[in-house]
Amino acid sequence: MFETITKARQLGAIALERVGEYLELLKISAEIQGQNLMRRVVGYAVAALFVVLSFIFLGLAVIITCWDTPYRVLSAWSVAGLYSLVAFVVYIGTPSRADSVSAFDTVRDELQQDIKLMKEIV
């Protein structure tokens, strides 16, 4: 009985000691996740801006090139159709690019190691 009480006290001491470390690790992981998210959002926004601008100027170039030909209306509708097709492909392809790596994997791994250690002690 005294052995069980001693083990319980050891487990309590380990748990109290590690709570502060878990909170610190969780805070650091959240900061890293926030920085990564901000960097990714800014990068995607800049890339999207330049892609949109390049498509606009490409479309204008095609329409202006065909302006004095009988294919002016066909070229304008072709450019609009191409833009719609690209938008649809991007919309369909976007959800498949989800990132499965989490910044909180370190916290989970540390918790699992401590639970394993506590099981070994008991």
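Residues numbered from 1 in each chain as written. Predicted model: local features only at pLDDT ≥ 70, side-chain atom pairs only at ≥ 80, totals over all residues. Heavy atoms only, no water.

A. Examining the overall build of the protein chain more closely. Scanning the protein chain from terminus to terminus reveals 3 helices and 0 strands. Helices and strands in the protein chain line up, N terminus first, as α-α-α. At 29 Å, the protein chain has a C-alpha radius of gyration far larger than the 14 Å of a compact globule built from 122 residues. In the protein chain, which comprises 122 residues, the proportion classed as buried is 8%. Considering only intrachain contacts with a sequence separation of at least 6, the fraction spanning at least 24 residues in the protein chain is 80%. Roughly 10100 Å² of accessible area belongs to the protein chain as shown, and the carbon and sulfur atoms make up 70% of that amount. For the protein chain, the separation between the mean place of its 11 positive charges and that of its 12 negative charges on side chains is 4 Å. (Helix = DSSP H or I, 4+ residues; strand = E, 2+ residues; numbered from the N terminus. Rg over C-alpha atoms; globule rule 2.2 N^0.38 Å. Buried < 20%, exposed > 50% of the residue type's maximum accessible area, 1.4 Å probe, protein only. Contact = heavy atoms within 4.5 Å. Areas by Shrake-Rupley, 256 points an atom, 1.4 Å probe, with all protein chains shown as cover. Lys, Arg positive; Asp, Glu negative; His and termini not counted. Charge placed at Lys NZ, Arg CZ, Asp CG, Glu CD.)

B. Region of the structure containing helix 1 (residues 2-65). In this model, helix 1 (64 residues) spans 91 Å end to end at C-alpha, consistent with the 94 Å of a helix rising 1.5 Å per residue. In helix 1, a bend of some 30 degrees at Arg-18 exceeds every other bend along the element. Those residues of helix 1 lying buried are Leu-11, Arg-18, Tyr-22, Ser-29 and Gly-59. Buried residues along helix 1 sit in contact with helix 2 (72-93) and helix 3 (105-121). (Expected span 1.5 Å × (residues − 1). Bend = angle between axes of the 7 residues up to and from the residue.)

C. Region of the structure containing the environment of Ile-28. Its place among the elements puts Ile-28 in helix 1. Using a relative accessible area of 38% as the deciding quantity, one classes Ile-28 as partly exposed.

D. The packing of helix 1 against helix 2, seen in detail. Orientation of helix 1 relative to helix 2, taken along the N-to-C sense of each, is 160 degrees, at an axis distance of 9 Å. Overall, the two elements helix 1 and helix 2 adopt an arrangement that is roughly antiparallel. The hand of the helix 1/helix 2 crossing is right-handed. Contacts between helix 1 and helix 2 pair Phe-55, Ile-56, Leu-58, Gly-59, Val-62 and Ile-63 from the former with Ser-75, Ala-76, Val-79, Tyr-83 and Val-86 from the latter. Residue classes in the contact of helix 1 with helix 2 are distributed as 9 nonpolar, 2 polar and no charged. (Axes fitted to C-alpha atoms, helices over the stretch in contact; angles between N-to-C directions. Parallel < 35°, antiparallel > 145°, perpendicular 65-115°, else oblique. Left-handed = near helix turned anticlockwise from the far one by under 90°. Nonpolar A, V, L, I, M, F, W, Y, C, P; charged D, E, K, R; others polar.)

E. Quick look at a nonpolar patch on the surface. On the surface, Met-38, Val-42, Val-46, Leu-49, Phe-50, Val-52, Leu-53, Ile-56, Phe-57, Leu-60 and Ile-64 cluster together into a nonpolar patch covering about 1100 Å² of accessible area. For Val-42, the position within the fold is in helix 1. (Patch = residues over 30% accessible without salt bridge, like charges linked within 9 Å, V, L, I, M, F, W, Y side chains within 5 Å. Salt bridge = Lys/Arg side-chain N within 4 Å of Asp/Glu carboxyl O.)

F. Quick look at the pattern of salt bridges. Going through the model one piece at a time under the given rule, you end up with 3 salt bridges. Between Asp-114 and Arg-18 there is a salt bridge, with the nearest N and O atoms lying 2.6 Å from each other. You can see Asp-114 sitting in helix 3 and its partner Arg-18 sitting in helix 1, a full 96 residues away along the chain. On the accessibility criterion, Asp-114 (8% relative accessible area) is buried. Among the residues examined, Arg-18 registers a relative accessible area of 18% and is labelled buried. The network of salt bridges with shared partners includes Arg-18, Glu-21 and Asp-114.

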